[in-house]
Structure formats: structure tokens, C-alpha cells
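# Analysis of the macromolecular model
The residues making up each chain are set out below.
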Amino acid sequence: MATSPPTLLLADLEPGSDARVEAVEADTPIGRRLLDLGFVPGTPVRVLRRAPLGDPVEYELRGYRLCLRRSEALRIRVQRSDGGEPPQ
Amino acid sequence: MSAGVLPLRLGLVGSPNSGKTTLFNALTGLRARVGNYPGVTVEWREGAVAFGGRRAVVIDLPGIYSLEALSPDEEVVERVLAGEFAPRPDALVVVADACSLERSLLVLAQVLRRAFPTCLVLTMTDELRARGGELDLPRLERALGIPVCGVIGHRGIGLDALRRLLAEPERWPRPPLLPPESAPDRSEWAASILAHVVRRRPGASRTTDAIDRVVLHPVAGTLLFAAVMVTFFQLIFAWAQPAMNAIDAGVGRTAVLARSALPAGLFADFVADGLVAGVGAVVTFLPQIVLLFALLYLLEDVGYMARAAFVIDRVMGRIGLEGRAFVSLLSSYACAVPGIMATRTIASPHNRLATILVAPLMTCSARLPIYALLIGAFVPRQQVLGPLGLQGLVLLALYVTGAVAALCVAAALKRTLLRGEGLPFYMELPPYRVPPLRLLASQVWGSASAFLRRAGTIILAVSVVLWALLTFPRSEAPAGASPAEASRHALERSFAGRIGHALEPAIAPLGFDWKIGVGLVASLAAREVIVSTLAQIYAASDEGTGLRDAIRADVDPRTGRRVFTPATVASLLVFFVFALQCMSTLAVMRRETNSWRWPAFAFSYLLALAWCASFVAWHAVAAWTGGA
């Protein structure tokens, strides 16, 4: 993983957080699919809830909801936008 | 090729949950043909229609999130667009949920780059309005440079305008400029279009939010999940039973009727025991299959199935499967046939295949008659732990052994043959919706009729072959033999009897003699058939106490020892836990995987497992009880 200062991953966020996608693991089929699903840099994402057993986690972005397992959410770097400008 | 002669080919493209299937049904009615794309497990559906006198074929392509193919579903779309299975579509209809247009534009951008005549159909425009959203469709049309049409598929609103549009793809405008290729650029392109056309963004669906607060609540959601699954199981297991009994009785009456109508002889035997029984073997599955599909499609279309998978995903993920496999394995307790068909909801092909391959290990209801016979005859009726009897504990142990074996085999398969295919796990949680009844009915009808055509024919053919094995060659019974003895005599000399004898060297290490061998051959028709076959071999007066007493008393003429020792009984029970003694399961595996390779693999590995486990069980019990 990247060594540059505080790297925040989508998987690190608690339910209720708002964030913006900063980067997605590049050049792997999984990374490309995450981009196709809409996890494009700049996209606002809201963490909705964890499954009862802790994984997967439900997210809202681009007007729809989907869940990712932790293994996929680790591939998305984000920046918190809580209390920042409202998403669009 | 003049356009007037060949029907127009229109491909429906869209993400799952976009309302594509509802639109397809609304356009084609019940005239859809369902089949498989060659060489893959993906189903194709197309329907012939006429738009204003012009003949057209509407192709319902699998739901996709991207044109860059990762899954077989997406590969199929790729290959259809390339014209590999049939002539290339003449035009594409991109179907998008009006409430999540932003996401759908990402796929639309990819489609537009393929340079087909393309139009965009926005579904769920009523839901958009209900959630306070508003789109400027004329502006969207201008911004995209292609025709845009809003519909409410299940109510048929907007369909007339759409039909008029679909009749003339030659006249559709083409976008002056193709959208960009890379995902970030596409996202910017989508954002700039949205900025033009969105008057008001739809709010979150309040209904969905409210329902999800309960359905996905850590405690309430888990309890609800358990309740739904128990009900589901109960419906498949118990509620189908009266209908199945009625069918059984009907089949019995038909056989008697056939016998009385036909002159006694081989032909009457063939009709009554071969043909009618074979058709019965197929039809008897229908109540379960119709119920299963009705429930599956209802839960899926309402939006609960994705939630159930979300709740249980962690557990299934541990063994390398995914949440949706749970429903399939649960259904397999009733019967592996609906269980295997239920795997259709699993998107990842490796996960689906692993689930299909272990489904026969779940203890299906057809095993109960043989378990009941052997446990009733040989396990003493004694209390062990409070109200628990030894007989019940043995039965429970058989169920648990099957389930544990299924999980272990699935984990092993996912680490070897079906190792990760590099597909990320993602699952959309669509808004809750009330599915139109017509849509449900057509989905259930499509699936049930596909079962009858594709698996039913195989089941019928195998039934007839098994009947022939048990009937030919025919031999005269010795004079003065009772009907039961004559039937036993004929069976021993039939091909099946000879196969039983021929099998003896292979099954002797498990403690089985030729009679059990014949039973095993016959039980390929369905596991419970071993009971009636044993009754025939032992010339028993009935399949209950008569047969029980007969097998208890049976003595091997060569050794003078009992045939059914505790070791043999344990070995036979264990054999039935593992062995895939069921042609219907094999036929459905063939149908669902579109090849004989996987049913052959499942049969072989389960037979090998069964043999080894029975061998161990026989020796363990024989050593424990002091010899065979």
C-alpha cells in the first residue's frame, strides 16, 4: 500500500461517513470494474451500514446503493467530506 | 439483404435492476423463447414482435455493469454485439432506471462508442416523480444526440411511442460526437450531461430507507432472515407435498388405467411401469419447482434477495461462496433439483458451479425413505439424551454429515478447480418494489417450461432405460411360484440383476451383496426407488414391516451369516449420504451447466467419496461390534 501520509481507505470509514473517492487501485480488472461501477475520483460516497456480521458494507453513490466486501473496499482511497460541502 | 424481409434485430442493453426484463416482457408478452448461449451457462431470451407492421426480434441481453467483460454474462453481451451467435443486432436499446441515470450513463457512454443505432429508454419514471425528481427529456435527447423515451414498463405507459420509435431505427439520429473512453472522462461526460437535464434530483426512497432500517438491522434483520429462510424451506419442503402426493396418486391411477385398457403383456408393462412412471418422475417435481421459482422471483423482484445475501454473505464468504448460495443449499434439503436451479441468481460462475456441485450433499427428502427403512429396522429404539432417541440422533448425524461435507467440498473446490476468477464481489441493493404479477407469472412459466423441455426429456428417457434394465431379458418363473417369488425371480435374471451380480466385487468391501447392488442401480431413477426394489428382491409382502423383517432375517447362503449386519447398515446409510444416486439431479446439472462434463464430475467425485466413506464406516463399525 502507499506510504504517503495518512491514507484513508473506503474500508476504514464508519457507517454514516461521507467521503469522496480519491483514487482506485489502477490497472487490475477489479480496479477497472470499481471505476465502471462509478467509483471514479471525485465521486461522493456515503457509507450506509455494515451487514450484521460486519461485512460486507453498503454504500450509496451516484443515486444507487451497492455493497462491497472489505477486500474490495480496501482498493479505494478516499477523503472525508463530512461537514464539508454537500455532495453536489 | 432488404430490411423488409429479415426481421429487425433489437438488443436490450442495461444494468441489472434497470427494469430491462419488465420492459422486455411488456414488449414481447409471453412469446419469448428461452434457451442457452452455446458453450456457456448464460440464458438467452428473445421474442418476435411486430412494430407497426414491421417484424422485429427483441433480444433481452444479460444485465451488465460495463461493456468491459469480466463475467460470462458480460462476455455474452460482447459476443452478441460482435454478431457471434446470430446476425449482429440492427440497433441497441439502452434501458436505464430514471432514478439512477447518473450510473446508467456510464454504460450508455460505452455503448455509444460501438456505433450502433442507439436509443435510450428511461424506466421507472413514476418512481422518479414519487421521489421528487424531475428530468428534462427533450434536453437529454439533445444533449445525447439520440432518441430518448420514458416508460413505465409494468403499466404499459409510454410503450406505444416506444414501439413507433423502435420500428424505424434507420431514422434515429446519431450522436455528433462519441463519448470519451476512459472511466474518469466518461464520468465527467455524464456529469456535464446531468448538469443540463436534471431539474430536481430524486431524494432517497423513503420507503426503502424505512424498510431497510428493520430488514438490515443487526438484530431484527438477522431474525427476519432466519424467519424468511425457515418459511422458504417449509414451503418448498412441506407445502409442495400435498400436490406431489396428488400427482403420485394420479400417476398410480393412470398406470392402473393403462393396464386395464391395454391387453396384458409387455406393452402394457412398458406403458404402465416405463412410460407413465417416467412422466410421473418428471411431473412430480413441478409443484416444488413452480413454488421455488415463484418464491425466488418474488424475493428477488421485491428486493429482499439481495438483502438476504447481504446478511449471510460473511458466513458463505468464509468457505469461498457468496450469500446467494445459502438459498440454494437450503432448497437442496427439500430436493437438489430446485436447489441447483436456484443457483441462477449467483452471478459469479465459479461460485455458482461450486454451489451446484455440492448441492447434492444436502440431505434431500428422497433419502428419507431409505434412511427410515434402515434406521427403523436396525437402530434400537432407545432414549439417549432426555427426549432424544438413538434413532433420531442417527438421522440427525446423517443430515449433519451431509451438510459438513458440502461445506468442506465447496471450500476445497474453491481452493483448487474453481479458484478465484478475479471477479470482485459487489452487489446492488435495489430499492424495494412491488413486482407486477404478470412479470412474476411469466418468469415462473419460463423457468418451469424450460425444466420440462430440457431436463424432463432426459429424466423420461433414463426412466425408460432403467425400466428396460429391470425387465429384460424376461424369464419364466418356476412352476408353482407365488407372484412375489416370480417377480423376484425375473428381477434376479434381468440386466439389472446381472449388473448387481457384476458389481459385487466392487461393493463387497462395503459389505454390500448383489441385492443391494440391484437396489443401487435402480435407485439411480430416484433414491427412494431402492426401497421398492429391495421389496421386490426380497419378495416382501409390503414395503413397511414386511420388508423390514425380510432384510433383518436375510442370510448369505455362501457364508451362512446375516447380510445386514450393523456394519453393512452403517455403510449403506453413509453411502446414501454421499452418492449422487439421482438421474434428475444429473439432468438438471446438465441443463444448468450446459454440458455433461460437470454432472459427470459430480457423479464421479461423489461416488468416490461415498465408496471411501462407506468403506471406513463398515470397518469402523465392524471393528467396534466385534466382526461382521
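Rules and cut-offs
- Counting starts from 1 at the beginning of each chain's written sequence and moves along it residue by residue.
- Each chain takes a letter, starting from A, and each ligand takes a number, starting from 1, following the order in which they are written.
- Given that this is a predicted model, residues contribute local features only at a pLDDT of at least 70 and side-chain atom pairs are listed and counted only at 80 or more, while totals for whole chains, interfaces and linings are drawn from all residues.
- Only DSSP runs of H or I with at least four residues qualify as helices, and only runs of E with at least two residues qualify as strands; both kinds are numbered from the N terminus onward.
- With C-beta atoms placed from the backbone, a residue counts as buried when 20 or more other C-beta atoms lie within 10 Å of its own, as exposed when 12 or fewer do, and as partly exposed for counts between those limits.
- The contact criterion used is a C-beta to C-beta distance within 7 Å, with each C-beta placed from the backbone.
- Where each domain starts and ends comes from a domain assignment, either automatic or drawn from a database.
- All amino acids are sorted into three groups, where Ala, Val, Leu, Ile, Met, Phe, Trp, Tyr, Cys and Pro are nonpolar, Asp, Glu, Lys and Arg are charged, and the leftover types, Gly among them, are polar.
- Whether two strands pair depends on DSSP finding at least two bridges between them.
- Residues of type Ala, Val, Leu, Ile, Met, Phe, Trp, Tyr and Cys that are buried and joined through C-beta atoms within 7 Å form what is called a nonpolar core.
- Helices are assigned an expected span. That span is 1.5 Å times one less than the residue count.
- All axes are obtained by fitting lines to C-alpha atoms, using only the stretch in contact for helices, and the reported angles, taken between N-to-C directions, cover 0 to 180 degrees.
- Orientation categories follow fixed angle ranges, with anything under 35 degrees roughly parallel, anything over 145 roughly antiparallel, 65 to 115 roughly perpendicular, and all other angles oblique.
- Definitions for this section: a left-handed crossing has its near helix turned counterclockwise from the far helix by less than a right angle. A right-handed crossing has that turn clockwise.
- The predictor attaches a confidence to each residue, and that confidence, scored 0 to 100, is pLDDT.

## Here we look at the overall build of chain A
A tally of regular secondary structure across chain A gives two helices and six strands. The N-to-C order of helical and strand elements in chain A reads β-β-α-β-β-β-α-β. Burial status across chain A gives 42% buried among its 88 residues. A fraction of 59% describes how many contacts in chain A between residues 6 or more apart in sequence connect residues 24 or more apart.

## Remarks on the overall build of chain B
On a plain count of helices and strands, chain B comes out with 26 helices and 12 strands. Along the first, second and third principal axes, the C-alpha atoms of chain B reach 90 × 60 × 40 Å. The proportion of buried residues among the 628 residues of chain B is 44%. Residue pairs in contact within chain B that sit at least 24 positions apart in sequence constitute 72% of those at least 6 positions apart.

## Quick notes on the domain arrangement of chain B
All names here are of chain B. Under the domain assignment used here, chain B contains domain 1 (8-203), domain 2 (220-365 + 388-435) and domain 3 (447-624). Computed over C-alpha atoms, the centres of domain 1 and domain 2 are 34 Å apart. Contact with domain 1, which involves six residues of that partner, is made by six residues of domain 2. Of the residues that constitute the side of domain 1 that touches domain 2, the class distribution is three nonpolar, three polar and no charged.

## As for the interface of chain B and chain A
Often, the extent of an interface is quoted as the loss of accessible area on bringing the components together. Each partner contributes to the interface: chain B provides 29 residues, whereas chain A provides 29 residues. Counting residues per element, the ones that place at least two in the side of chain B that touches chain A are α3 (101-112), α7 (183-197), α9 (220-261), α12 (304-318) and β12 (426-428) of chain B. Ranked by the residues each element gives to the side of chain B that touches chain A, the list is headed by α12(B), at six residues. A breakdown of the residues in the side of chain B that touches chain A according to their chemical character gives 16 nonpolar, seven polar and six charged. Strand direction decides the pairing type here: strand β5 (residues 64-68) of chain A and β12(B), joined by three bridges, are antiparallel. Its bridge partner being in β12(B), Leu68(A) is matched across the sheet by Tyr426(B).

## Brief notes about the environment of Ala334(B)
Its place among the elements puts Ala334(B) in helix α13 (residues 325-334). Placed 176 residues apart in sequence, Ala334(B) and Leu510(B) show a C-alpha to C-alpha distance of 28 Å.

## Structural notes on unusual backbone geometry
Here the residue pair Asp55(A) and Pro56(A) is connected by a cis peptide bond, since its omega of -5° sits within 30 degrees of zero. Tracing the chain through its elements places Pro56(A) in the loop between β3 (44-50) and β4 (57-61). Cis geometry marks the peptide bond from Phe472(B) to Pro473(B), where omega comes out at -15°. Positive phi, normally seen in glycine, also occurs at Asn17(B), with a value near 70°. Considering the arrangement of structural elements, one finds Asn17(B) in the loop between β1 (8-14) and α1 (20-28). Taking the number of C-beta atoms within 10 Å as the measure of exposure, Asn17(B) has 22 and is therefore buried. Of note, the phi angle at Asn594(B) is positive, near 60°, even though the residue is not glycine. When you line up the elements, Asn594(B) lands in the loop between α25 (583-593) and α26 (597-624). The partly exposed category is assigned to Asn594(B), around which 19 C-beta atoms lie within 10 Å.

## Some details on the nonpolar core
One recurring pattern in soluble globular proteins: nonpolar side chains tend to sit buried together. Residue and element names in this part refer to chain B. One finds Leu120, Val121 and Ala522 to be the most contacted residues of the largest nonpolar core, which totals 196 residues. Broken down by element, this core gets its largest block of residues, 10 residues, from helix α24 (residues 566-578). Not counting the four nearest positions on each side in its chain, Val121 is found in contact with Leu23, Val93, Val95, Cys149, Val151 and Leu162.

## Points about the sheet that holds β12(B)
Neighbouring strands of a sheet are bound in pairs by backbone hydrogen bonds; such pairs are parallel or else antiparallel. With respect to topology, seven strands assemble into an open sheet ordered β1(A)-β6(A)-β2(A)-β3(A)-β4(A)-β5(A)-β12(B), the strand pairing being antiparallel. What marks the edges here is a single partner per strand, and that holds for β1 (8-9) of chain A together with β12 of chain B. By the bridge criterion, five bridges tie β3(A) to β4(A) in an arrangement that is antiparallel. Its bridge partner being in β4(A), Arg50(A) is matched across the sheet by Val57(A).

## A few points about α26(B)
All names here are of chain B. For α26, spanning 28 residues, the distance from its first C-alpha to its last is 40 Å, which sits close to the expected 40 Å at 1.5 Å a residue. Of all the residues in α26, the buried ones are Pro599, Ala602, Phe603, Leu606, Ala610, Ser614, Ala617 and Trp618. On its buried face, α26 is in contact with α15 (349-358), α24 and α25. Residue Gly626 follows α26 closely and has a positive phi angle near 75°.

## A few points about the pairing of strand β3 (residues 43-51) of chain B
Where β3(B) lies against strand β4 (residues 54-60) of chain B, seven bridges are found, and the strand directions are antiparallel. Within β4(B), the residue paired with Glu46(B) across the bridge is Ile59(B).

## Focus on the packing of α3(B) against α7(B)
Residues and elements named next belong to chain B. Contact geometry for α3 and α7: axes closest at 9 Å, N-to-C directions at 125°. Relative to α7, the element α3 lies oblique. Where α3 crosses over α7, the two elements pack in a sense that is right-handed. Contact residues: α3 offers Leu101, Glu102, Leu105, Leu106 and Ala109, while α7 offers Arg186, Ser187, Trp189, Ala190, Ile193 and Leu194. Residues that form the contact of α3 with α7 fall into these classes: eight nonpolar, one polar and two charged.

## Here's the deal with the confidence of the model for chain B
For chain B, the mean per-residue pLDDT works out to 86, and 95% of the residues sit at or above 70. Both scores are available for the predicted complex, with the pTM at 0.82 and the ipTM at 0.89.

## Some details on α13(B)
The buried fraction of α13(B) is high, at eight of 10 residues. What α13(B) keeps buried is the set Ala325(B), Phe326(B), Val327(B), Ser328(B), Leu329(B), Ser331(B), Ser332(B) and Ala334(B).

## Details of the packing of α25(B) against α26(B)
Residues and elements named next belong to chain B. With their axes 7 Å apart at the nearest point, α25 and α26 run at an angle of 140° to one another. By the angle between their directions, the pair α25 and α26 is classed as oblique. Here the hand of the crossing between α25 and α26 comes out right-handed. Contacts from Leu586, Met589, Arg590 and Thr593 of α25 reach α26 at Trp598, Pro599, Ala602 and Phe603. Residue composition of the contact of α25 with α26, by class: six nonpolar, one polar and one charged.

## A few points about the pairing of strand β6 (residues 118-123) of chain B
All names here are of chain B. With six of six residues buried, β6 is to be regarded as a mostly interior element. Here β6 shows no split at all, with Thr118, Leu120 and Leu122 on one side and Cys119, Val121 and Thr123 on the other all buried. The pairing of strand β5 (residues 91-97) with β6 spans six bridges and is classified as parallel. Paired with Val95 across the strands is Val121, a residue of β6. Judged from the three bridges that link them, β6 and strand β8 (residues 148-150) form a sheet pairing that is parallel. Paired with Leu122 across the strands is Gly150, a residue of β8.

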